[in-house]
Amino acid sequence: MRELSPPVNGPVAAVVAPQAPKKARSARDPRLDVLRGAALVTIFVNHVPGNFYESLTIRNWGFSDAAEAFVLMSGVSAGLAYGPAFRPGGEVWSGLARAWGRAWTLYLVHLLVTLAVLGIAAGLALWFHTPGLLHMNGVDVLLGHPLQTLVALPLLLHQLGYINILPLYFVLLLAAPGLLWLGWRWPGLLMTASGMLWLVAGTFRLNVPTWPASGGWQFSPLSWQILFVLGLLTGIRLREGRRLVPINAWLIGITSAFLAMALVWRIVPAVGGPLNHGLMWLDEAGLPWTVTAFHKVWETAPRLFHALALAYLLSAIPAVRRACASVWLSPLALLGRQALPAFALGSVLAMLLQGIKTRTGEDLLLDSLMLAGGLSLQFALAWAKDRWPGR
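None of the values given here were measured: they were computed from a predicted structure.

Asker: Any chance you could explain the overall build of the chain here in plain terms?
Answerer: In terms of helices and strands, the chain carries 16 helices and zero strands. The principal-axis extent of the C-alpha atoms belonging to the chain is close to 60 × 55 × 45 Å. Relative to its full complement of 391 residues, the chain shows a buried share of 50%. For the chain, contacts bridging at least 24 residues in sequence account for 79% of all contacts bridging at least 6. Put simply, the chain shows about 17600 Å² of open surface, and 71% of that area lies on carbon and sulfur atoms. Measuring between centres, the 28 positive side-chain charges of the chain sit 13 Å from its 16 negative side-chain charges.

Below you can see the structure in the form of structure tokens.
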């Protein structure tokens with residue numbers, strides 16, 4: 001995913017109720033699936049930059065984006081799916097095998113998507129005389145340093161732009177068994193340690209380095225882990241039939257006010273300008289950079305607080321659950337239930353459309369047709385996977 005400055009795109013996860021066994025799908029809280037599906041649609045639209053519709057997505061309305069939704073909901077899902085194995089007396093080894101098996105699947109999917117994107121870039125140049133994608137999103141590093149890049153890609157030391165969130169999820173899922181074990185026994189300690197790591201990583205710009213191109217991961221795992229940990233703890237509490245953060249009228253008021261302020265900040269320059277200068281003044285006064293900056297790599301405070309505020313508000317309003325249970329939103333729920341294959345296909349299609357748009361530019365009709373076609377393919381794949389899950 002590309003770096004966007006300051007705030008970016010996408011809905012944020014609601015807190016969801018416990019997932020029932022697979023044979024009782026009807027007991028699933030619909031919010032997790034619907035909001036995850038909405039995040040996937042938003043990701044796809046915004047990963048084809050230069051189209052009219054990206055200006056209509058939620059990235060223009062606040063500080064956080066679909067990346068926060070993806071990581072937070074992944075944590076909730078992991079807590080619900082693997083959490084019971086790590087409670088006192090649970091089947092730890094079974095849970096470890098399941099979590100790491102899922103992590104291995106994510107790694108393989110990431111490599112497959114990367115290979116497909118490289119093939120698309122080469123195919124557009126060879127057969128359609130459209131070489132633009134060869135010079136975008138880090139593909140050019142392979143051309144300049146082929147041997148080093150072939151080593152770096154499977155080691156996750158080089159990642160192509162727009163398809164680099166699965167490595168973050170892979171690393172977090174590897175850590176999930178230990179985090180879940182701690183979360184059942186000492187949740188306060190885990191949350192404190194996670195918050196301290198987030199603050200230190202952001203303050204000192206700690207990240208996983210990249211090679212052969214110098215730099216770091218687009219999503220520093222040391223910073224982004226805080227959203228995943230919060231999701232895990234939410235999943236654990238939901239398994240116990242409780243909320244991580246209780247519904248409280250004054251907290252609803254605070255989060256609503258913060259989200260309204262972020263909206264005005266984003267869409268009213270006369271307000272946003274002075275507030276941005278205020279943050280700069282606080283930074284110069286010595287406040288930690290991670291508290292005052294809008295930066296995606298280290299999940300700085302404005303993005304983090306916006307994501308958490310939106311997550312809390314969506315989880316606390318009963319109308320959200322009723323709306324997500326509506327038949328009108330069932331296509332999004334379908335997409336959310338099959339998030340990984342839909343995300344993988346959407347990533348490949350988005351890169352293909354990026355390559356095409358290097359020649360066509362912004363064309364409302366063509367962009368509409370291409371985006372509609374890409375989303376239709378993702379929904380078709382989700383429908384097939386949902387209907388025939390074993391194939």
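Back to the write-up after that little detour.
Asker: Help me understand a nonpolar patch on the surface, please; the structure alone is not making it clear to me.
Answerer: Judged by side-chain polarity, Trp61, Met261, Leu263, Val264, Ile267, Val268, Val271 and Leu275 come together as a nonpolar surface patch covering roughly 590 Å² of accessible area. Contributing elements (two or more residues each) for the nonpolar patch: helix 9 (249-267) and helix 10 (269-284). Here the element with the most residues in the nonpolar patch is helix 9; it accounts for four residues. Structurally, Val264 can be placed in helix 9. Residue classification places Val264 among the partly exposed positions, given a relative accessible area of 34%.

Asker: Honestly, the pattern of salt bridges in this entry has me stumped. Any pointers?
Answerer: It is possible for side chains bearing opposite charge to pair when their charged atoms get close. Taken as a whole and judged by the stated rule, the model has eleven salt bridges. Glu240 is the salt-bridge partner of Arg242, the closest N and O atoms lying 2.7 Å from each other. Judged by its relative accessible area of 42%, Arg242 is partly exposed. The residue Arg337 makes a salt bridge to Asp386 at a minimum N-O spacing of 3.2 Å. Taken as a pair, Arg337 in helix 14 (residues 330-337) and Asp386 in helix 16 (residues 364-387) lie far apart in primary sequence, 49 residues in all. Given the relative accessible area of 17%, Asp386 is considered buried. Through salt bridges that share partners, Asp65, Glu68, Lys296, Glu299 and Arg303 make up one connected network.

Asker: What am I meant to see in the environment of Met370 here?
Answerer: The topology assignment puts Met370 in helix 16. Setting aside residues no more than four positions away along its own chain, Met370 makes contact with Leu353, Ile356 and Lys357.

Asker: Explain the nonpolar core here, please?
Answerer: Val71, Ile165, Leu173 and Phe228 are the most contacted members of the largest nonpolar core, which has 83 residues in total. In terms of residue count, the dominant contributor to this core is helix 3 (residues 92-127) (eleven residues). If sequence neighbours within four positions are ignored, Val71 has contacts with Ile165, Leu168, Leu172, Trp224, Leu227 and Phe228. Among the nonpolar cores identified, the runner-up in size contains eight residues, and Phe44, Val48, Leu349 and Leu375 belong to it.

Asker: Is there a simple way to explain the packing of helix 15 (residues 339-360) against helix 16 in this structure?
Answerer: For any two helices packed against each other, the geometry is given by the interaxial angle and the distance between the axes. Put simply, helix 15 and helix 16 touch, their axes get as near as 10 Å, and they point 165° apart. By the angle class used here, helix 15 and helix 16 are roughly antiparallel. Both helix 15 and helix 16 take part in a crossing whose hand is right-handed. Along the contact surface, helix 15 presents Pro341, Ala342, Leu345, Gly346, Leu349, Leu353, Ile356, Lys357 and Thr360, while helix 16 presents Leu366, Asp367, Met370, Leu371, Gly374, Leu377, Gln378, Leu381 and Lys385. Across the contact of helix 15 with helix 16, the residue classes break down as eleven nonpolar, four polar and three charged.

Asker: What is the right way to look at the side chain of Gln338 in this model?
Answerer: Tracing the backbone shows Gln338 in the loop between helix 14 and helix 15. Side-chain polar atoms of Gln338 contact the side chain of Asp386, separated by 3.4 Å. Here Gln338 is in contact with Ala382, Lys385 and Asp386, once residues within four sequence places are set aside.

Asker: Explanation requested: the packing of aromatic side chains in the structure shown.
Answerer: Each aromatic ring pair is specified by the distance between its two centres and by the angle formed by the two planes. Inspection of the entire model under this criterion finds 14 aromatic pairs. Each ring, one from Tyr107 and one from Phe170, has its centre 5.5 Å from the other, and the planes form 35°; the classification is tilted. Here Phe170 lies in helix 6 (residues 166-185) and Tyr107 lies in helix 3, a separation of 63 residues in the sequence. Looking at Tyr107, the relative accessible area reads 14%, which means it is buried. Among the aromatic residues, those joined into a cluster by ring pairs are Phe63, Phe258, Trp265 and Phe294.

Asker: What's the story with the packing of helix 1 (residues 30-46) against helix 15 in this structure? I'm lost.
Answerer: Where helix 1 meets helix 15, the closest approach of the two axes is 9 Å, and the angle between their N-to-C directions is 15°. With respect to their mutual orientation, helix 1 and helix 15 come out roughly parallel. Note on packing geometry: the crossing formed by helix 1 with helix 15 is right-handed. Seen from helix 1, the contacting residues are Arg36, Leu40, Ile43 and Phe44; seen from helix 15, they are Ala339, Ala342, Phe343, Gly346, Leu349, Ala350 and Leu353. Residue composition of the contact of helix 1 with helix 15, grouped by class: nine nonpolar, one polar and one charged.

Asker: Could you clarify how one ought to interpret the side chain of Ser315 in this entry?
Answerer: Inspection of the secondary structure puts Ser315 in helix 12 (residues 301-316). The class for Ser315 is buried, based on a relative accessible area of 5%. For Ser315, the side chain forms a polar contact with the side chain of Arg243, separated by 2.9 Å.

Asker: Please clarify how unusual backbone geometry should be interpreted in this entry.
Answerer: As a rule of thumb, non-glycine residues mostly have phi less than zero, and peptide bonds are mostly trans rather than cis. Of note, the bond from Trp211 into Pro212 is cis; its omega dihedral lies within 30 degrees of zero at 10°. Located in the positive-phi region is Arg205, a residue other than glycine, with phi close to 55°. Topologically, Arg205 is positioned in the loop between helix 7 (187-203) and helix 8 (221-239).

Cut-offs applied
- Residues numbered from 1 in each chain as written.
- Predicted model: local features only at pLDDT ≥ 70, side-chain atom pairs only at ≥ 80, totals over all residues.
- Heavy atoms only, no water.
- Helix = DSSP H or I, 4+ residues; strand = E, 2+ residues; numbered from the N terminus.
- Buried < 20%, exposed > 50% of the residue type's maximum accessible area, 1.4 Å probe, protein only.
- Contact = heavy atoms within 4.5 Å.
- Areas by Shrake-Rupley, 256 points an atom, 1.4 Å probe, with all protein chains shown as cover.
- Lys, Arg positive; Asp, Glu negative; His and termini not counted.
- Charge placed at Lys NZ, Arg CZ, Asp CG, Glu CD.
- Patch = residues over 30% accessible without salt bridge, like charges linked within 9 Å, V, L, I, M, F, W, Y side chains within 5 Å.
- Salt bridge = Lys/Arg side-chain N within 4 Å of Asp/Glu carboxyl O.
- Core = buried A, V, L, I, M, F, W, Y, C linked by side-chain atoms within 4.5 Å.
- Axes fitted to C-alpha atoms, helices over the stretch in contact; angles between N-to-C directions.
- Parallel < 35°, antiparallel > 145°, perpendicular 65-115°, else oblique.
- Left-handed = near helix turned anticlockwise from the far one by under 90°.
- Nonpolar A, V, L, I, M, F, W, Y, C, P; charged D, E, K, R; others polar.
- Polar contact = N/O pair within 3.5 Å; in protein donor to acceptor, adjacent residues only side chain to side chain.
- Phe/Tyr/Trp six-rings, centres within 6.5 Å; stacked < 30°, edge-to-face > 60°.

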